[in-house]
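# Structural features, examined
Residues per chain are reported as follows:
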Amino acid sequence: MSIQINYKNNSLKNPSANLVLFTDEKFNISNLKKYTSNSEFSYISDLLKTNDLKKSLLVFELSSKKKIILISIKKNLEIYDVENLGAEFYDYINYRDKGEFIINAESIKTEIEDFIGHFLHGLRLKSYEFNIYKSKKENKIFSINLIRNKNKKQIKNELRFKAIEEGTFFARDLVSEPPNVLNPKEYSNRLLKLRKLGIKVTVYNEAQMKKLGMHSLLGVGRGSVNESFLVTLEWNGNKKDKAAPLSFVGKGVCFDTGGISLKPAKFMEEMKYDMAGSAVVAGLIQTLAIRKAKVNAVGVVGLVENMPGGNAQRPGDIVKAYNGKTIEVLNTDAEGRLVLADALSFTEAKFKPRFMIDLATLTGAIIMALGEEYAGLFSNNDDLSNKIFKVGEKVKEKVWRLPLHNNYDKLINSTIADMQNINYSGGAGSI
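Residues numbered from 1 in each chain as written. Predicted model: local features only at pLDDT ≥ 70, side-chain atom pairs only at ≥ 80, totals over all residues. Heavy atoms only, no water.

## Quick look at the sheet that holds strand E4 (residues 67–73)
For clarity, the threshold we go by: Note: two strands are recorded as paired if DSSP finds a minimum of 2 bridges between them. Secondary structure elements follow DSSP: runs of H or I no shorter than four residues count as helices, runs of E no shorter than two count as strands, and numbering proceeds from the N terminus. Here, axes are lines fitted to C-alpha atoms. For helices the fit covers the stretch in contact, and angles between N-to-C directions go from 0 to 180 degrees.
Read from one edge of the open sheet, six strands run E1-E6-E5-E2-E4-E3, paired in mixed fashion. Edge positions in the sheet fall to strand E1 (2–7) and strand E3 (57–61), since each of these pairs with one other strand and no more. Between one strand and the next, the sheet's axes are offset by a mean angle of 25 degrees, whatever the strand orientation. Sheet topology note: the strand E2 (residues 18–24)/strand E5 (residues 98–104) ladder contains three bridges and is parallel.

Following this line, the structure appears as structure tokens:
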């Protein structure tokens, strides 16, 4: 799939190109007459009388070579809705082999700033494909000629959109790779390439982590032939700011069999996604670097593979974490918290950040509580939690805060260590 977006102010002169115009929510086309011929306008006007006007996108075939696509701008749209419109338009063109489309931004009537920028952003995000392992690739080529005059704000937005898209696609590529390719070593090598963007990348191998006392993280990877790593990604975009950096920590279990506490075989192939939290962290730091964000931020990812083997961690083992706490491992499939325990305490000690946000595909128990609509949020900071909740509602990446009451602590008390890594008494599994 190739999408080429060009800026041309005279594209309407191409009589065979498909034309994309924007209308109000009732598909009122009275103000679009100047963009079409009289016959085209009459033809579309007649067809609109019999079409379902509740849709967002209507297509009118004028000939075998030319179509006019009307996109309805509903009332009270949010930015997210505009990006969804772009995604919907991509779904339409994706069924074609190739084509040229003229998007006339002059026909847009809305109060949303840089509507077309957000529209194209949604289109490009939806166009992502991961097909590097397909022997036959579809060679679809679409040319989009955009009619608009750009101002400084829109140019700045384009750079921001590009940074977000590249960071998002980097994260998606990491998550999509098969586990026989993206082992912890390969993952760390790909992160090292981010140095070319000005990101300081530091890789800690097993010997270094052992010296630091990260036995909680190291225990998870013991059963794998692949070495475990901890990687830090530092972006110093505001060298004048001496305040503590923002920090983001990600779970990077490149494949999770469950270890000795083996998972069921059905759907185990999906456990290559157990490093998605770390991919988000890597994509975020990359995005900050591409857009040269004036902020200081650090990303920390623990990269391991949780496998059964002769040297694998056993249920009943006790390990000492980086912060000196001892953990009785009752279930080796509760491994993400063991990785994050060391990654979080190391981040706190080394970088002394303003706050830490960790991202993880941590437990199926959260789906039992919230289903697929919300991610679980656990925090000891009310202000930060409220901000994350509000922005999540705005961009439709919703979170729901769950309690961290002291009374829950007894559920992970161990009789022979400081704590155990799972609650077997029942209930509150994700907490």
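## Some words on the pattern of salt bridges
Inclusion rule: Any carboxyl oxygen of Asp or Glu within 4 Å of a side-chain nitrogen of Lys or Arg constitutes a salt bridge here. Exposed residues in this analysis have more than 50% of their type's maximum accessible area, buried residues have under 20%, and partly exposed residues fall in between, with area computed by a 1.4 Å probe over protein chains only.
Within this structure, the stated rule accounts for 17 salt bridges. Across the pair Asp256 and Lys263 runs a salt bridge whose closest N-O atoms are separated by 3.6 Å. Comparing Asp256 with Lys263, the two get one shared label, buried. Lys263 is the partner of Asp333 in a salt bridge, and the nearest nitrogen-oxygen pair spans 3.0 Å. Here the residue Asp333 occupies a position in the loop between strand E12 (326–329) and helix H9 (336–351), and Lys263 occupies one in the loop between strand E9 (246–256) and helix H8 (276–290), the gap between them amounting to 70 residues. The partly exposed category is assigned to Asp333, whose relative accessible area is 25%. Residues joined in a network through salt bridges with shared partners are Glu177, Glu186 and Arg190.

## Quick word on the environment of Lys352
Note the threshold: Note on contacts: a residue pair qualifies if any of its non-hydrogen atoms lie within 4.5 Å across the two residues. Polar contact is defined as a pair of N or O atoms within 3.5 Å, subject to the rule that within protein one atom must be able to donate a hydrogen and the other to accept it, and that residues adjacent in sequence are counted only when both atoms are side-chain atoms.
Within the element layout of this structure, Lys352 appears in the loop between H9 and strand E13 (355–359). Judged by relative accessible area, Lys352 falls into the exposed class, the value being 57%. The spatial distance from the C-alpha of Lys352 to the C-alpha of Ala243 is 9.9 Å, given a sequence separation of 109 residues. Residues in contact with Lys352, not counting those within four places in the same chain, are Ala244, Pro245 and Thr347. Within polar-contact distance, the side chain of Lys352 engages the backbone oxygen of Ala349 at 2.9 Å.

## Focus on the pairing of E12
Pairing of strand E11 (residues 317–320) with E12, which is carried by four bridges, proceeds in the antiparallel orientation. Bridge pairing in E12 places Ile318 opposite Glu328. Between E11 and E12, which follow one another and run antiparallel, lie five residues, and Gly324 among them has a positive phi close to 95 degrees. In this sheet, strand E16 (residues 419–420) lies alongside E12 in parallel orientation, the contact comprising two bridges.

## Structural notes on the sheet that holds strand E7 (residues 200–204)
Spatially, E7-E8-E10-E9-E13 is the arrangement adopted by the five strands of the open sheet, whose pairing is mixed. What marks the edges here is a single partner per strand, and that holds for E7 and E13. Shown here is a sheet whose adjacent strand axes are inclined to one another by a mean of 15 degrees, direction ignored. Note that E7 and strand E8 (residues 229–236) share five bridges and pair antiparallel. Directly across from Tyr204, in E8, lies its bridge partner Leu230. Of the strands in this sheet, E8, E9, strand E10 (296–306) and E13 touch H8, which is tilted by about 135 degrees from E9.

## Overview of empty space enclosed by the protein
Cut-off, in case you're wondering: Only protein atoms enter the 1 Å grid used here. Points where a 1.4 Å probe fits but cannot escape make up a cavity, open sets with protein on both sides within 12 Å along at least five of seven lines make up a pocket, and a residue lines them when an atom lies within 4 Å of a point. Grid points are joined across faces, edges and corners, and a volume is the space filled by probe spheres set on the points. By the convention adopted, Pro, Cys, Tyr, Trp, Phe, Met, Ile, Leu, Val and Ala count as nonpolar, Lys, Arg, Asp and Glu as charged, and the other residues, Gly among them, as polar.
Going through the model one piece at a time under the given rule, you end up with two cavities of 30 Å³ or more. Residue lining of the largest cavity: Leu21, Ile29, Leu32, Thr36, Glu40, Phe41, Ile44, Ile68 and Leu70, and that is the complete set. For the lining of the largest cavity, the secondary structure elements donating two or more residues are helix H1 (38–48) and E4. The dominant element in the lining of the largest cavity, judged by the number of residues it contributes, is H1, at three residues. For the lining of the largest cavity, a count of residues per class yields seven nonpolar, one polar and one charged. For the second largest cavity, the calculated volume is near 30 Å³. Residue composition of the lining of the second largest cavity, by class: four nonpolar, six polar and one charged.

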